[in-house]
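Architecture at a glance
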Amino acid sequence: ARRLRGMGARSLAALAFFVLPMFGCGDEVEAEVPERRAAEYRSERVDVEMDRASEVVRTRGFTDQGVVWRGFLVDRGAATDQVSLRSGNCYVVLGVASSAVESLELSLFDSDGAAVARNTPGTPALHYCPPGSGTFFVAVRASGSGLFAVRRFEGPAGIDVRLDDLAPSPSERP
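An account of the accompanying structure is given in this report. (Residues numbered from 1 in each chain as written. Predicted model: local features only at pLDDT ≥ 70, side-chain atom pairs only at ≥ 80, totals over all residues. Heavy atoms only, no water.)

This part is about the sheet that holds strand E2 (residues 78-85). Taken in spatial order, the four strands make up an open sheet running E2-E7-E4-E5, and their pairing is antiparallel. Lying at the two open borders of the sheet, with one neighbouring strand each, are E2 and strand E5 (115-118). Mean inter-strand twist for the sheet, computed between neighbouring axes without regard to direction, equals 25°. In this sheet, strand E7 (residues 134-143) lies alongside E2 in antiparallel orientation, the contact comprising eight bridges. Paired with Asp 81 across the two strands is Val 138, which belongs to E7. (Pairing = 2+ DSSP bridges. Helix = DSSP H or I, 4+ residues; strand = E, 2+ residues; numbered from the N terminus. Axes fitted to C-alpha atoms, helices over the stretch in contact; angles between N-to-C directions.)

Below, the discussion takes up the state of the cysteines. The full count for this structure, using the stated rule, is one disulfide. A sulfur-sulfur separation of 1.8 Å characterises the disulfide bridge that pairs Cys 90 with Cys 129. The disulfide joining Cys 90 to Cys 129 has a torsion of about 105° about its S-S bond and is therefore right-handed. Taken together, the residues span a long stretch of sequence, with Cys 90 in strand E3 (residues 89-97) and Cys 129 in the loop between strand E6 (125-128) and E7 at a distance of 39 residues. Take Cys 90: its relative accessible area is 0%, and that puts it in the buried class. (Disulfide = S-S within 2.5 Å. Buried < 20%, exposed > 50% of the residue type's maximum accessible area, 1.4 Å probe, protein only.)

Glancing now at the sheet that holds strand E1 (residues 63-73). Strand order in this open sheet of four strands is E1-E8-E3-E6, and the pairing throughout is antiparallel. Looking at the sheet topology across the chains shown, the edges are occupied by E1 and E6. Ignoring strand direction, the axes of neighbouring strands in this sheet form an average angle of 15°. Pairing geometry for E1 and strand E8 (residues 146-156), over eight bridges, is antiparallel. Paired with Leu 73 across the two strands is Gly 146, which belongs to E8. Sheet contacts for helix H3 (residues 44-58): E1, E3 and E8; angle to E8, the most-contacted strand, approximately 15°. (Contact = heavy atoms within 4.5 Å.)

Attention shifts here to the pattern of salt bridges. One pass over the structure, following the stated rule, counts 11 salt bridges. Of the charged contacts, one joins Asp 47 and Arg 42 as a salt bridge, the two residues approaching to 3.6 Å between their closest N and O atoms. For Asp 165, the salt bridge is made with Arg 60, and the minimal N-O distance between the two is 2.5 Å. Here the residue Asp 165 occupies a position in the segment after E8, and Arg 60 occupies one in the loop between H3 and E1, the gap between them amounting to 105 residues. Taking the relative accessible area as the measure of exposure, Asp 165 reaches 24% and is therefore partly exposed. By sharing partners, the salt bridges in this structure join Glu 55, Arg 58, Asp 64 and Arg 151 into a single network. (Salt bridge = Lys/Arg side-chain N within 4 Å of Asp/Glu carboxyl O.)

Pasting the structure below:
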């Protein structure tokens, strides 16, 4: 006890730091840290580009359907999302990616796994008018690694929709 009285506060704190773990303090309780999901990762470039291209699609008579699907792809990686489409309507699926992604391929598959629509190189969107209502799958594949965002739009059938002007020109790219 005499030895402890002569110790300063700093010395007692250091002693407690080393001695208390030896005795333990009961069950250790670790705070759970939720795992981050790709949808939580945001990119200003992706958001700005999605907003710009979405506005163009809206001016062509299409409305947003659901929330933006976000994720991260590694080079040549792919991801899929299930969607419901109705006959009598047409859809535009728009995809944008961070600058490290050289190209983003969009494909649409029916419930049997048959490819029913794909984007053309240099065009960040695809257009499809399903002959019947049902479940479809949107697939994205990247050349390069990075963040992506995909938004689906619904619009009227029977109109030709221009999609080749949705990507920024090379001089506008960051």
